Amino acid sequence: MKYLLLIHGASDACTLQEWADYDKSLRDAGIHVDGNPLGEPSLSTTVHITDGGEKVVTDGPYAEAREVLGGYYIIDVPDLDAATDWAARCPGARYGGSMVVRPIIEYT
Amino acid sequence: MTGDVNASVEAIFREERGRLLAALVRRFGDLDLAEEVTSEAIEAALLHWPADGVPASPGAWLMTTARRRAVDRLRRDKTYAARLALLQVEADRSGPPVFEGALPDERLRLFFTCAHPALPEADRGALTLRYLAGLTTAEVARAYLVPVETMAKRLVRAKKKISVARIPFRVPEPHELPSRLPGVLQAIYSIFTEGYAASAGPDLVRHDLAEEALRLARILHRLLPGEREVTGLLALLLLTHARRAARTGPDGGLVLLEDQDRSLWDRAMIDEGEPLVVTALTGGPPGPYGVQAAIAALHDEEPTDWPQIVGLYDVLRSLTPSPVVDLNRAVAVAMRDGPEAGLALLDALAGEPRLRSLHVYPAARGELLRRLGRPAEAAEAFRAALELVGSEPERRHLLARLDEVTG
């Protein structure tokens, strides 16, 4: 069962070493599927298609600092308890940050 | 004759439904399938037992029937079977459960699933009533005074999360228990308090709900006999429920502790609860349910030992600080030191946001002001309480008090 771990409002207090250790622990456990940091909100761009079929590109959106989606992981574990255990070990869960765990729906 | 058989069939189902469901969830890893075949097995029993007699081992009969139905269903529906296949493999890895003789009791897993922290707190009691107490959706809806469709939607949504986000059916590891057990206890306690001081409706005490909570606490206590807080919860429910008959007058109105006819207290329930309090408070630091049970035990004694009750509220406050505990402590202080002392503590809680919606805060203030001979302020407090009160007997009690201070 795959889960997306969304890293919200990660603090600058997290060290590079902490992130590297966490990344390695996921790989060592054999549950790492994917995972990346994301560019800061000022680098984001929104796209949508109008009713007239026109492509519209805008700057943003911006979010409150503590809500900023800073990165994600995808892990493959047996159940939600395992997923939240791994989320709890992520540096992003500490120092005021939080992790959101969402199941990935697979149509087979 | 048929009536007798039906009555015994009903009795068995009450006891067996939760057990059967839990065992099937363990076997198939799917709440929907387990629920469906549990109902089918019970329907089959209703059909066959009145004619053929109740089998020697009704639980095993139901289990065998339900498993056959589940296998049939999985044969018919290959996609469903494929989705469950992986779960089954995972379940089988820990050894297939044995159904010879007594059914293995898998209900503890289900308790933890129904009270899982990833589910909305408001739904955990409802899920526990539905899947462990074996109530129908309509009965659960009645318990929470909501329309059946509303409750059905809530249960379906919760079940969907259990299934899709895969909330597991498992008993937490010992090191996880301190963080997970309080959720299970809270779910049962919330059922009890809903039954006990019904937040709305014509009755003050809804015995059926309180008794379901008591039954669930007994089951949990049998499953986790060594957990002192489980013992504490069971003791708390017994010692509180023991006063049920004295809490309402002949007209259904509220009777305060000091005015209660003590001969109406349930001695057997008090005798069962008291040793459990001792167990709950022995062998380690006390937990909040153990302390509340001790407070309930002191309320069941005559005369009420208010100094010790205040002391226990101090302990409770250090374990689970909350304005509601402060409110109860203030009332106990009023009983120990007089209304003036209690009122000073209550006034210090004014503006506390978590008390703003509770009628008991102004009601307690009104009561103390009345005793202090300050009728105008008492009336104002009773009027504020009447704005917030939900249950009819409490409303009548407050109206009578208001009459008294304005009359």
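Since the model is a prediction, treat every value here as computed from it, not as a measurement. (Residues numbered from 1 in each chain as written. Chains lettered and ligands numbered in written order. Predicted model: local features only at pLDDT ≥ 70, side-chain atom pairs only at ≥ 80, totals over all residues. Heavy atoms only, no water.)

S.K.: What's the story with the overall build of chain A in this structure? I'm lost.
M.R.: The helix and strand tally for chain A stands at 2 helices and 6 strands. For chain A, the succession of helices and strands along the chain, N to C, is β-α-β-β-β-β-α-β. Out of the 108 residues in chain A, the part that is buried amounts to 31%. Chain A carries 8 positive and 17 negative side-chain charges, and their two centres are separated by 4 Å. (Helix = DSSP H or I, 4+ residues; strand = E, 2+ residues; numbered from the N terminus. Buried < 20%, exposed > 50% of the residue type's maximum accessible area, 1.4 Å probe, protein only. Lys, Arg positive; Asp, Glu negative; His and termini not counted. Charge placed at Lys NZ, Arg CZ, Asp CG, Glu CD.)

S.K.: How do you make sense of the overall build of chain B when you look at a structure like this?
M.R.: Across its full length, chain B carries 20 helices and 0 strands. Counting only residues that meet the buried cut, chain B has 50% of its 407 residues in that class. Contacts in chain B between residues far apart in sequence, at least 24 positions, make up 64% of those at least 6 positions apart. In the form shown here, chain B has an accessible surface area of approximately 18,600 Å², with 55% of it arising from carbon and sulfur atoms. (Contact = heavy atoms within 4.5 Å. Areas by Shrake-Rupley, 256 points an atom, 1.4 Å probe, with all protein chains shown as cover.)

S.K.: What is the right way to look at the pattern of salt bridges in this model?
M.R.: Close approach of charged atoms allows side chains with opposite charge to pair. Residues and elements named next belong to chain B. As enumerated under the stated definition, the model contains 37 salt bridges over all chains in all. Close ionic contact of D72 with R75 constitutes a salt bridge, the shortest N to O distance being 4.0 Å. Taken as a pair, D72 and R75 lie in helix α3 (residues 58-76) at a separation of 3 residues, close to a single helical turn. Residue D72 is classed as partly exposed on the basis of its relative accessible area, which comes to 35%. The partner of E367 in a salt bridge is R371, with the nearest N and O atoms 3.1 Å apart. With E367 and R371 both in helix α18 (residues 360-371) and 4 residues apart, the pair spans about one turn of that helix. Look at the salt bridges and you will find they share partners, linking E258, E367, R370, R371, R401 and E404 into a network. (Salt bridge = Lys/Arg side-chain N within 4 Å of Asp/Glu carboxyl O.)

S.K.: Can you help me understand the sheet that holds strand β6 (residues 98-103) of chain A in this one?
M.R.: Remark on secondary structure: sheet strands pair via backbone hydrogen bonds, oriented parallel or antiparallel. All names here are of chain A. In space, the 4 strands of this open sheet follow the order β2-β5-β1-β6, with antiparallel pairing throughout. The open sheet has two free edges, formed respectively by β2 (32-37) and β6, since each of these has just one partner strand. For this sheet, the mean angle separating the axes of adjacent strands, direction not counted, is 15°. Packing of helix α1 (residues 16-28) onto the sheet brings it into contact with β1 (2-8), β2 and β5 (69-76), and relative to β5 it is tilted by some 20°. (Pairing = 2+ DSSP bridges. Axes fitted to C-alpha atoms, helices over the stretch in contact; angles between N-to-C directions.)

S.K.: Help me out: how do you make sense of the UniProt feature "domain: RNA polymerase sigma factor 70 region 4 type" (unreviewed entry) in chain B in this one?
M.R.: In the numbering used here, UniProt assigns the feature "domain: RNA polymerase sigma factor 70 region 4 type" (unreviewed entry) to residues 114-162 of chain B. A helix fraction of 69% and a strand fraction of 0% characterise residues 114-162 of chain B, whose end C-alpha atoms lie 9 Å from each other. (UniProt positions renumbered as here; feature names shortened; annotations may be inferred.)

S.K.: Explain the nonpolar core to me, please; I cannot follow it from the model alone.
M.R.: Grouped burial of nonpolar side chains is what soluble globular proteins tend to show. Residues A:I75, B:L110, B:L129, B:I188 and B:L220 are the most contacted members of the largest nonpolar core, which totals 116 residues. Take this core: its biggest share by element is 9 residues, from helix α9 (residues 177-196) of chain B. Judged by nonpolar contacts, the second largest core, of 22 residues, contains B:A334, B:L349, B:A364 and B:F382. (Core = buried A, V, L, I, M, F, W, Y, C linked by side-chain atoms within 4.5 Å.)

S.K.: Just to check I follow, could you spell out the interface of chain B and chain A for this structure?
M.R.: One frequent convention defines the size of an interface as the accessible area lost when the parts assemble. Between chain B and chain A, the residue contacts involve 10 residues of the former and 9 residues of the latter. Taken together, both faces of the contact between chain B and chain A bury some 760 Å²; the carbon and sulfur share is 55%. On the chain B side of the interface with chain A, the three residues burying the most area are B:V164, B:A165 and B:R166, jointly 53% of the side's total. There are 2 salt bridges connecting chain B and chain A. Close ionic contact of B:R180 with A:D81 constitutes a salt bridge, the shortest N to O distance being 3.7 Å. Counting across the chain B and chain A interface gives 5 residue pairs in polar contact (both at pLDDT 80 or more). Its residues assigned to classes, the side of chain B that touches chain A comprises 5 nonpolar, 1 polar and 4 charged. (Buried area = accessible area lost by both parts, 1.4 Å probe. Polar contact = N/O pair within 3.5 Å; in protein donor to acceptor, adjacent residues only side chain to side chain. Nonpolar A, V, L, I, M, F, W, Y, C, P; charged D, E, K, R; others polar.)

S.K.: What's the story with empty space enclosed by the protein in this structure? I'm lost.
M.R.: In this approach, a probe sized like a water molecule rolls over the atoms, and the result shows the empty space that is left. Residues and elements named next belong to chain B. Under the definition given, this model contains 1 cavity of 30 Å³ or more. If you go around the largest cavity, the residues you meet are R17, L21, E35, T38, S39, R130 and Y131. For the lining of the largest cavity, the secondary structure elements donating two or more residues are α1 (2-28), α2 (31-52) and α6 (121-131). The biggest single contributor to the lining of the largest cavity is α2, with 3 residues. Looking at the lining of the largest cavity residue by residue, the class counts come to 2 nonpolar, 2 polar and 3 charged. (1 Å grid on protein atoms, 1.4 Å probe; cavity = no way out; pocket = protein on both sides within 12 Å on 5 of 7 lines; lining within 4 Å. Points joined across faces, edges and corners; volume = space filled by probe spheres on them.)

S.K.: Is there a simple way to explain the side chain of B:R107 in this structure?
M.R.: Position of B:R107 among the secondary structure elements: in helix α5 (residues 107-114). Polar side-chain contacts of B:R107 include one of 2.7 Å to the side chain of B:D105.

S.K.: Looking at this structure, I do not really get the environment of B:R166. What am I missing?
M.R.: Mapped onto the fold, B:R166 is located in the loop between α8 (148-164) and α9. Taking the C-alpha atoms as reference, B:R166 lies 37 Å from B:H241; in sequence the two are 75 residues apart.

S.K.: In this structure, what is going on with the side chain of B:R124? I would like to understand it.
M.R.: All names here are of chain B. As for its position among the elements, R124 is in helix α6. Separated by 3.3 Å, the side chain of R124 and the backbone oxygen of H116 make a polar contact. Ignoring anything within four residues of it in the chain, the contact list for R124 reads C114, A115, H116, P117, L119 and A187.

S.K.: Sorry, what's going on with a nonpolar patch on the surface here?
M.R.: A cluster of nonpolar side chains, namely A:I105, A:Y107 and B:V164, defines an oily patch on the protein surface of about 350 Å² accessible area. Tracing the chain through its elements places A:Y107 in the segment after β6. (Patch = residues over 30% accessible without salt bridge, like charges linked within 9 Å, V, L, I, M, F, W, Y side chains within 5 Å.)

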